[in-house]
Amino acid sequence: MSARNLLLGLLALLVVAPALVGAYPLAVLILILHYAYLGIAWNVMMGFAGLLSLGHTLYVGLGAYVAAALYASFGLPALLGAIPAAIVATLAGLGIGALGFRFRVNGVYFALLTIAFAEFTRILFDHMGWTGGSSGFFLPVEHGQVSPVALRGPPILFYYVALAMAAGGFMLARSLMRTRLGYAWLAIREDPDSAAASGVDVFRARMAAVAVSSALTSLGGVFYAFYYNNMYPEQIFSMARSIEIILAPIIGGLGTLFGPVLGSFVLTLLGEGTTGLLEHLGLAAPGAKQVIYGVALLVIVTVQPAGLWPWLAKRLRIGRDG
Amino acid sequence: MAEPLLTASGLSKGFRGLKAVNGVSFSIGSGDILAMIGPNGAGKTTCFNLIAGAMLPDAGEVRLAGQPITGLRADQVCRAGIGRTFQLVKPFAGLSVLDNVTVGALNAVRHVAEAKERARAVLDLLDLGHKIGEPASALTLPDRKRLEVARALATGPKLLLLDEVMAGLRPTECDRLVEILAGLNRRDGLTILLIEHVMRAVMKLAQRILVLHHGEKIAEGVAEAVVRDPAVLDSYLGEEAP
């Protein structure tokens, strides 16, 4: 099987899926696609350029708040609000990147920097009156309004938007990997000194990775805002969500294209499945899902440290393309 | 007389009081091969790092074809036309052999497809053509050394800096690499500066030799003369007991 056929098959299945499933599975699929998308976006930094960010909720939150505030205040439709949202998030990312890369803050120290920025942005929003502070921000909802441009409508609309974002993010990542910049990223990930000695401008390539990743992630935030219609700094900027974003690509396979998608399917189904099962058994306890997550992570990184996708690709005889 | 391709003048670098390189000056004409030899710790690799932009000199200047390149970053030096290898090889371990060299080739050509073609040609030249699909991490040390040379060569340098690429190679492998490098020098006029301990390779390749000892240049000249210089012999073997 070729990667291309697998991709087209999966895409076709996902396009017709809403006709085949009910409301709950559709909601789960939306979640899967949303996390697949965020995973793809995060993977551009970590998987491709080797930059560990543990503060990606910063971009989700900024994207969500900017687009939501512009919609609530000026009625700017989500599709247009996404532009300033992406700009704000990208500028934040570039600021962090410039700080980190100029002063040679590498590896885990760079990760700490990303956490720090996400955390103090959370605190900032907690105390910012005009976006509701810690009591949250709510989007006005008009019943019966259907508008793809404003991201207003029934779940099926959000499903197709999530699908388009995941597919678009995938294709973008795939084509970037075949460019000069993609090669520069991989080289830097493997060895920054060798990359520089081979003519790669390490600073610029890293900044480009941050820009692409933060912009894409912020669009995920815009989606989040209009899908849930509410956001709390405590939630949207939380460290736990940053971790949630990075689990899918790690489980699926860092630096691979299918990894975040596969990881998101496995983790979301696992999470929802166990929640359902635990409820059914009357054992639903807070944190049970996290325990399952933890165990799954443990098992997978022990058995398949490179992630599920490289293992599956070998079984399906798919080349290094994935 | 034509302008030298590379001129280093008064290069100095200290690490906490230790003068690793102290006022070293030399030049290489276009199309020449110069070998830099000297005991361990003589400052040879530091010299390389100063030229290649991996380190900033405390004093001194480096010029490439008359243009000052002192203070440029490593990638800028590479773009200016200097390719280098690392003494402790630094392959892109997770990438295929072809991708390793493609990264280098992208310094010379714009498009990925072109770069892959170029990388293939360079790999064929270095007898690695049959291993292009393998991950670099799977290569043996001699192959990694060749990969290091291939990647540097693919960047399209005017000047190639080779840091002990012969070390660990068997005599036949060493001779083969010498043959390849001599060929590049003859055919394409590639200028080479090499750090080397394997005298078999030095004597076959280099027209001139420069000897460093304790960070200072103690001899420079035609290969045959330098290796008979008493000061050079002393630096390697120690002075004769009176």
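Definitions and limits used
- Residues numbered from 1 in each chain as written.
- Chains lettered and ligands numbered in written order.
- Predicted model: local features only at pLDDT ≥ 70, side-chain atom pairs only at ≥ 80, totals over all residues.
- Helix = DSSP H or I, 4+ residues; strand = E, 2+ residues; numbered from the N terminus.
- Rg over C-alpha atoms; globule rule 2.2 N^0.38 Å.
- Pairing = 2+ DSSP bridges.
- Expected span 1.5 Å × (residues − 1).
- Bend = angle between axes of the 7 residues up to and from the residue.
- Contact = placed C-beta atoms within 7 Å.
- Axes fitted to C-alpha atoms, helices over the stretch in contact; angles between N-to-C directions.
- Parallel < 35°, antiparallel > 145°, perpendicular 65-115°, else oblique.
- Left-handed = near helix turned anticlockwise from the far one by under 90°.
- Nonpolar A, V, L, I, M, F, W, Y, C, P; charged D, E, K, R; others polar.
- pLDDT = per-residue confidence, 0-100.

(A) Up close: the overall build of chain A. The helix and strand tally for chain A stands at 14 helices and two strands. Against the globule reference of 20 Å for 322 residues, chain A gives a C-alpha radius of gyration of 19 Å, in line with a compact fold. Taken along the three principal axes of its C-alpha coordinates, chain A extends 60 × 45 × 35 Å.

(B) How the structure looks around the sheet that holds strand E1 (residues 6-15) of chain B. All names here are of chain B. Spatial ordering of the open sheet is given by E2-E1-E4-E5, a layout of four strands whose pairing is antiparallel. Pairing within the sheet leaves two strands with one partner each, and these edge strands are strand E2 (18-28) and strand E5 (67-68). Where E1 meets strand E4 (residues 59-64), five bridges bridge the pair, whose relative direction is antiparallel. Note on E4: the bridge partner recorded for Leu-6 is Leu-64.

(C) Representation of helix H11 (residues 239-252) of chain A. All names here are of chain A. In a regular helix each residue adds 1.5 Å, so 14 residues correspond to 20 Å; H11 covers 21 Å between its end C-alpha atoms and thus fits that length. If you look at H11, its biggest bend is around 30 degrees, right at Ile-246, and the proline Pro-249 turns up within four residues after that. Check the buried side of H11 and you find it contacts helix H2 (23-48), helix H3 (57-74), helix H5 (107-126), helix H12 (259-280), helix H13 (288-303) and helix H14 (308-315). Residue Gly-253 follows H11 closely and has a positive phi angle near 135 degrees.

(D) Quick peek at the sheet that holds strand E10 (residues 216-222) of chain B. All names here are of chain B. The six strands lie next to each other as E6-E7-E8-E3-E9-E10, forming an open sheet whose pairing is mixed. Each edge of the open sheet is held by one strand with a lone partner, namely strand E6 (82-84) and E10. Averaged over all neighbouring strand pairs, the angle between strand axes comes to 15 degrees, with direction disregarded. Alignment of strand E3 (residues 33-37) against strand E8 (residues 191-195), held across four bridges, turns out to be parallel. Its bridge partner being in E8, Met-36 is matched across the sheet by Ile-195.

(E) Focus on the interface of chain A and chain B. With 18 residues of chain A at the interface, the matching set in chain B holds 21 residues. For the side of chain A that touches chain B, the secondary structure elements donating two or more residues are helix H7 (180-190) and helix H8 (192-197) of chain A.

(F) Up close: the packing of H12 of chain A against H13 of chain A. Residues and elements named next belong to chain A. At their nearest, the axes of H12 and H13 sit 9 Å apart, and the two run at 135 degrees to each other. As far as their axial angle goes, H13 and H12 are oblique. For the pair H12 and H13, the crossing hand works out as right-handed. Seen from H12, the contacting residues are Leu-270, Gly-271, Thr-274, Thr-275 and Leu-278; seen from H13, they are Ala-288, Lys-289, Ile-292, Tyr-293 and Ala-296. When the residues that make up the contact of H12 with H13 are grouped by side-chain class, the tally is six nonpolar, three polar and one charged.

(G) Local environment of the confidence of the model for chain B. Residues and elements named next belong to chain B. On average, residues of chain B score 93 in pLDDT, and 97% of them reach the 70 mark or higher. The least confident element of chain B is helix H9 (residues 230-237), whose mean pLDDT is 79; the most confident is helix H3 (residues 97-105), at 98. Reported confidences for the modelled complex are a pTM of 0.93 and an ipTM of 0.92.

(H) Focus on the confidence of the model for chain A. Averaged over every residue, the pLDDT of chain A is 92; the share at 70 or more is 98%. Averaged pLDDT values for the elements of chain A fall to 82 in H13 of chain A and rise to 98 in helix H9 (residues 202-228) of chain A.

(I) Structural view of unusual backbone geometry. Residues and elements named next belong to chain B. Of note in the backbone geometry, Arg-16 takes a positive phi value of approximately 50 degrees without being a glycine. The topology assignment puts Arg-16 in the loop between E1 and E2. Positive phi, normally seen in glycine, also occurs at Ala-65, with a value near 50 degrees. Within the secondary structure, Ala-65 sits in the loop between E4 and E5.

(J) Representation of the pairing of E4 of chain B within the structure. Residues and elements named next belong to chain B. Strand direction decides the pairing type here: E4 and E5, joined by two bridges, are antiparallel. What sits directly across from Arg-63, in E5, is Pro-68. Between E4 and E5, which pair antiparallel and follow one another directly, the connecting turn spans two residues, one of which, Ala-65, has a positive phi of 50 degrees.

(K) Quick look at the environment of His-143 of chain A. With respect to the secondary-structure elements, His-143 of chain A resides in the loop between strand E1 (137-138) and helix H6 (155-176). In this structure the C-alpha to C-alpha distance between His-143 of chain A and Val-299 of chain A, which are 156 residues apart in sequence, comes to 45 Å.

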